[in-house]
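What follows is the residue order along each chain.
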Amino acid sequence: MEEFRRAYSRLCKESGTEPQETVLQQLHQLPQGRLDLATQSLTVDTCRALGKLLQKESLLTELILSDCMLSEEGATLLLQGLCVNTAVRFLDLKGNNLRAAGAEALAKLLRQNKSIQSLTLEWNNLGTWDEAFATFCGALAANGALRQLDLRNNQINHKGAEELALALKSNASLQQLDLRWNHIGLLGGRALVNCLPSNRTLWKLELAGNNIPGDILRAVEQAMDHNQDRQTVFRESQARAQVLSKEVRHLREEKSKQFLDLMETIDRQREEMARSSKASAARVGQLQEALNERHSIINSLKAKLQMTEAALALSEQKAQDLGELLATTEQEQRSLVQRQAKEHRLEQQEAAERESKLLRDLSAANEKNLLLRNQVDELERKVKSQQEQLFLTKTELTNTTAELKMRAIQAEERLELEKNRSRQSLEDAEHLRFKEVEHMTRHLEDSERAMQERVQRLEAARLSLEEELSRVKAAALTERSQAEEELIKAKNQVRLEEQHQAHLEEKLRLLAQARDEAQSTCLQQKQTVADAQARASQLGMQVESLRRRLEELQQELSNKDQEKVAEVTRVRLELQEQNGRLQAELTAQEALKEKAAALERQLKVIASDHREALLDRESENASLREKLRLKEAEIARIRDEEAQRASFLQNAVLAYVQGSPLRTLSPQK
């Protein structure tokens, strides 16, 4: 995961954006083979970088992106990267509000990817757009690798269920499908029941919370049981076939071993015969080789004698030539020694002069280093004071967070006012930043002009001073470029935060609508429960009256006992049916309560995310203010130095004028 983290930061830097710290922390903490970015608000740039990395990643098998607040563009970029990936087996996109573009991107993923086996799409809005969901279902029909699909809470209506039924008719790999808490209804349930006889791989289909009648649910359960039995039989047959194939392989291996043993014995006999023939031939060859070697040795000795005689003659001639060369080289060495002595003296003189110059330069550099160290000490003191202030502010922030937790219920009503105030404060901060940047640019231009004038005056000075001035100019330019880059980054971050705020407002609005709908449904069901209880009480009164009548009429009408018993049994059956209906309604109410609790949890998570984002903004603003304060302090220091230098020059000029001979010769007034 360390290589993946490095590649992510490198891609972000190449694209001109900074990597998200939360994503880097998650990448640092995660184990191998599993990437968990749940509840991390991913931007478009991070999605683009992750999509590029996932195209070539071969170690990840699980990718969890639940509740990441992905935009349409970010989701498409991530899914484009997964289209080429061949390693990911488990993909979780729960709670990302995927819509039409997301459904189309998922359709492309299902058509091109052949490795994903489990896909979780809970709490999205894929079913609200019929055409996009139809393309998704068409891709599902063509996919042959997916085993598990979760489509809970996706606003799927009866048309979407019909498209899913068509996809299930041609799909031959899907085994588990979860469609709970949608709007499938009676027509969608019938379409799914009609498609199940043609599908033999699906053995688990969840349809609770879809307003589907009980007979259709029973038919679905029967079909799933039938498919499970079929799969168990198929697995048993596969196991038996594997056992038989193993036995056949074992028999074949034994036969091949026996055949190989026979062949080995035959080969051994042949090898022994060949070895005996080779040994005899080798002995004859060795004798012939010994004779040939003796003849060659005699011939080589004769050739060596001739070569040594020729080498002796050549060595005598070379000795004479070397004696002459030695005499000439001795004369040349003497002349070279004299020249080198003269050059060495000149070099010593030049080195002494250079050493004196370097010592002077070193003294000047040491003085400048002392001044710079003093400035660094002052800056460190300021940093320590600012760190203490930051610690105090952090303590205050902890106290305020505790108070905010106690006032969370009141904060939900004041969110809109705080948003407006934050927007106004951001606009004011941007206005102030623009003014400060203009002020800084003016001061930088003035300082650059002053430095240029100094350079023109000091052009006749030494080379060391010119190098130092060039370094100072480069440092000033780099600081200016860094300041401009930091301002641009701050503006981009403010824009991204505004987009994030808009996205959060949309989510809050949708959640508020869902909460209102859930409350209305709860009220309706409470009314129905109250009506049912009133009916049950009325029926109980009726039963008691009937019992009284039966006791009075038993004495008078003994022949009509059978009819009365039949009526009582019929009333009991009706009561049992009504009780069953009431129990079903109670289960539906419990499910709705669970939904309301989940919605409340999501609201709490969103509120905590919003608070964290506000705290991050405040910390970023504080860091920017600190940087601006440091730059203002540096500018003030430069101004003070220039003022001191000007005062020194003025004093020197006045001293020179007062001490000049013209002043002594001028008459007194």
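Source: prediction; values computed, not measured. (Residues numbered from 1 in each chain as written. Predicted model: local features only at pLDDT ≥ 70, side-chain atom pairs only at ≥ 80, totals over all residues. Heavy atoms only, no water.)

Undergrad: Which residues make up the overall build of the protein chain, and what values do they have?
TA: Helix and strand counts for the protein chain stand at 14 helices and 7 strands. Against the compact-globule benchmark of 26 Å for 669 residues, the protein chain has a radius of gyration of 47 Å, which places it well outside the compact range. Summarising its shape, the C-alpha atoms of the protein chain cover approximately 160 × 135 × 40 Å along the three principal directions. Looking at the protein chain as a whole, 25% of its 669 residues qualify as buried. Pairs at least 24 apart in sequence give 83% of the contacts found in the protein chain among residues at least 6 apart. In the structure as shown, the protein chain presents an accessible area of about 47,900 Å², 53% of it carried by carbon and sulfur atoms. (Helix = DSSP H or I, 4+ residues; strand = E, 2+ residues; numbered from the N terminus. Rg over C-alpha atoms; globule rule 2.2 N^0.38 Å. Buried < 20%, exposed > 50% of the residue type's maximum accessible area, 1.4 Å probe, protein only. Contact = heavy atoms within 4.5 Å. Areas by Shrake-Rupley, 256 points an atom, 1.4 Å probe, with all protein chains shown as cover.)

Undergrad: I'd like a description of the nonpolar core, backed by residues and values.
TA: In this structure, L121, L151 and L179 are the most contacted members of the largest nonpolar core, which totals 72 residues. Not counting residues up to four positions away in its chain, the partners in contact with L121 are L93, L98, L106, L126, F136, L149, D150, L151, R152 and N154. If you look at the next biggest cluster of nonpolar residues, it comprises 6 residues, including L504, L511, L599 and L603. (Core = buried A, V, L, I, M, F, W, Y, C linked by side-chain atoms within 4.5 Å.)

Undergrad: I'd like a rundown of the pattern of salt bridges, residues and numbers included.
TA: Across all of its chains, the model carries 12 salt bridges by this definition. Between D178 and R180 there is a salt bridge, with the nearest N and O atoms lying 2.9 Å from each other. Exposure remark for D178: the relative accessible area of 10% places this residue in the buried category. Overlapping salt bridges, with partners in common, bring together E122, D150, R152, D178 and R180 in one network. (Salt bridge = Lys/Arg side-chain N within 4 Å of Asp/Glu carboxyl O.)

Undergrad: For the environment of Q482, give the residues involved together with the corresponding values.
TA: Mapped onto the elements, Q482 comes out in helix α12 (residues 463-556). We classify Q482 as partly exposed; its relative accessible area is 46%. Taking the C-alpha atoms as reference points, Q482 and L603, 121 residues apart in sequence, are found 40 Å from one another.

Undergrad: Which residues make up a positive patch on the surface, and what are the values?
TA: Positive charge collects at one region of the surface, where K246, R249, R252 and K255 lie side by side. Tracing the backbone shows R249 in helix α9 (residues 214-406). (Patch = residues over 30% accessible without salt bridge, like charges linked within 9 Å, V, L, I, M, F, W, Y side chains within 5 Å. Lys, Arg positive; Asp, Glu negative; His and termini not counted. Charge placed at Lys NZ, Arg CZ, Asp CG, Glu CD.)

Undergrad: Break down helix α5 (residues 100-112) for me, with residues and values.
TA: Across its 13 residues, α5 extends 19 Å between first and last C-alpha, which sits within 8% of the 18 Å expected from 1.5 Å per residue. Within α5, the full set of buried residues consists of G102, A103, A105, L106, A107, L109 and L110. Buried residues belonging to α5 abut α4 (72-84), β3 (90-92), β4 (118-120) and α6 (130-142). (Expected span 1.5 Å × (residues − 1).)

Undergrad: Please set out a nonpolar patch on the surface residue by residue, giving values where relevant.
TA: Side chains of F259, L260, M263 and I266 sit close together on the surface and give an oily, nonpolar patch of about 380 Å² of accessible area. With respect to the helices, strands and loops of the structure, I266 is situated in helix α9.

Undergrad: Tell me about a negative patch on the surface, residues and numbers included.
TA: On the surface, D261, E264, D267, E271 and E272 cluster together into a patch of negative charge. Its place among the elements puts E271 in helix α9. Taking relative accessible area as the criterion, E271 reaches 42% and is therefore assigned partly exposed.

Undergrad: How would you sum up the packing of helix α1 (residues 2-14) against helix α2 (residues 21-29)? Please name residues and give values.
TA: Geometrically, a packed helix pair is captured by the angle between its two axes and the distance between the axes. Their axes nearest at 8 Å, the elements α1 and α2 cross at an angle of 160 degrees. By the criterion of interaxial angle, the relationship of α1 to α2 is roughly antiparallel. Relative to α2, α1 is oriented so that their crossing is right-handed. Contacts between α1 and α2 involve E2, F4, R5 and Y8 on the former and, on the latter, V23, L24, L27 and H28. (Axes fitted to C-alpha atoms, helices over the stretch in contact; angles between N-to-C directions. Parallel < 35°, antiparallel > 145°, perpendicular 65-115°, else oblique. Left-handed = near helix turned anticlockwise from the far one by under 90°.)

Undergrad: Tell me about the sheet that holds β3, and name the residues and values.
TA: With respect to topology, 7 strands assemble into an open sheet ordered β1-β2-β3-β4-β5-β6-β7, the strand pairing being parallel. Single-partner strands in this sheet number two, and they are β1 (34-36) and β7 (204-206). On average, each strand axis in the sheet is tilted by 0 degrees relative to the strand beside it, whichever way the strands run. One ladder, built from 3 bridges, connects β1 with strand β2 (residues 62-64); its direction is parallel. (Pairing = 2+ DSSP bridges.)

Undergrad: Just give me the short version of empty space enclosed by the protein, but keep the residues and values in it.
TA: Here the idea is plain: a probe the size of a water molecule rolls over the atoms and shows the empty space left. On inspection of all chains with the given rule, the structure shows 2 cavities of 30 Å³ or more. Volume-wise, the largest cavity comes out at about 70 Å³. Lining the largest cavity, in full, are L426, R433, A490, Q493, V494, E497, R617, E620, N621 and L624. For the lining of the largest cavity, the secondary structure elements donating two or more residues are α11 (415-457), α12 and α13 (561-658). By residue class, the composition of the lining of the largest cavity is 4 nonpolar, 2 polar and 4 charged. Quantified by volume, the second largest cavity comes out at close to 50 Å³. Looking at the second largest cavity, the residues that line it are L65, L70, A75, L78, L79, L82, L93 and L98. Its residues placed into classes, the lining of the second largest cavity shows 8 nonpolar, no polar and no charged. (1 Å grid on protein atoms, 1.4 Å probe; cavity = no way out; pocket = protein on both sides within 12 Å on 5 of 7 lines; lining within 4 Å. Points joined across faces, edges and corners; volume = space filled by probe spheres on them. Nonpolar A, V, L, I, M, F, W, Y, C, P; charged D, E, K, R; others polar.)

Undergrad: Quick one: what's the story with the side chain of E122, residue by residue and with numbers?
TA: Relative to the elements of secondary structure, E122 occurs in the loop between β4 and α6. In terms of polar contacts, E122 uses its side chain to reach the side chain of W123, at 3.3 Å. If near-sequence neighbours (up to four positions away) are discounted, E122 is found in contact with L93, K94, G95, D150, R152, N153 and N154. (Polar contact = N/O pair within 3.5 Å; in protein donor to acceptor, adjacent residues only side chain to side chain.)

Undergrad: Help me get a handle on unusual backbone geometry, residues and values and all.
TA: Phi at D67 takes a positive value of approximately 55 degrees, unusual for a residue other than glycine. According to the relative accessible area criterion, D67 is partly exposed, its value standing at 32%. One non-glycine residue, N211, adopts positive backbone phi at about 55 degrees. Relative to the elements of secondary structure, N211 occurs in the loop between β7 and α9. The exposed category is assigned to N211, whose relative accessible area is 68%.

Undergrad: Before we move on, could you go through the confidence of the model for the protein chain and cite the residues and values that matter?
TA: In this model, the protein chain carries an average pLDDT of 82, and 95% of its residues clear a pLDDT of 70 or more. Confidence, expressed as mean pLDDT per element, reaches its minimum in the protein chain at helix α14 (residues 661-665) with 46 and its maximum at β4 with 96. Taken together, the stretch residues 661-669 has pLDDT below 50 and engages in 2 contacts with residues farther than four places along the chain or on a different chain. (pLDDT = per-residue confidence, 0-100.)

Undergrad: Describe the environment of S170, and please don't skip the residues or the numbers.
TA: Within the secondary structure, S170 sits in helix α7 (residues 158-170). Placed 440 residues apart in sequence, S170 and H610 show a C-alpha to C-alpha distance of 45 Å.

Undergrad: Describe the side chain of S66, and please don't skip the residues or the numbers.
TA: As for its placement among the helices and strands, S66 is situated in the loop between β2 and α4. In this structure S66 comes out as buried when scored by relative accessible area, which is 9%. Discounting residues that sit within four places of it in the chain, S66 has contacts with L37, A38, T39, D92, K94 and N96.

Undergrad: Help me get a handle on α1, residues and values and all.
TA: An α-helical segment advances 3.6 residues per turn. Residues three or four places apart therefore align on the same side. Between its first and last C-alpha atoms α1 spans 18 Å; for 13 residues at 1.5 Å apiece the expected length is 18 Å, and the two agree. Along α1, the residues that are buried comprise F4, A7, Y8, S9, L11 and C12. Positive backbone phi, approximately 85 degrees, marks G16, located one or two places after α1.

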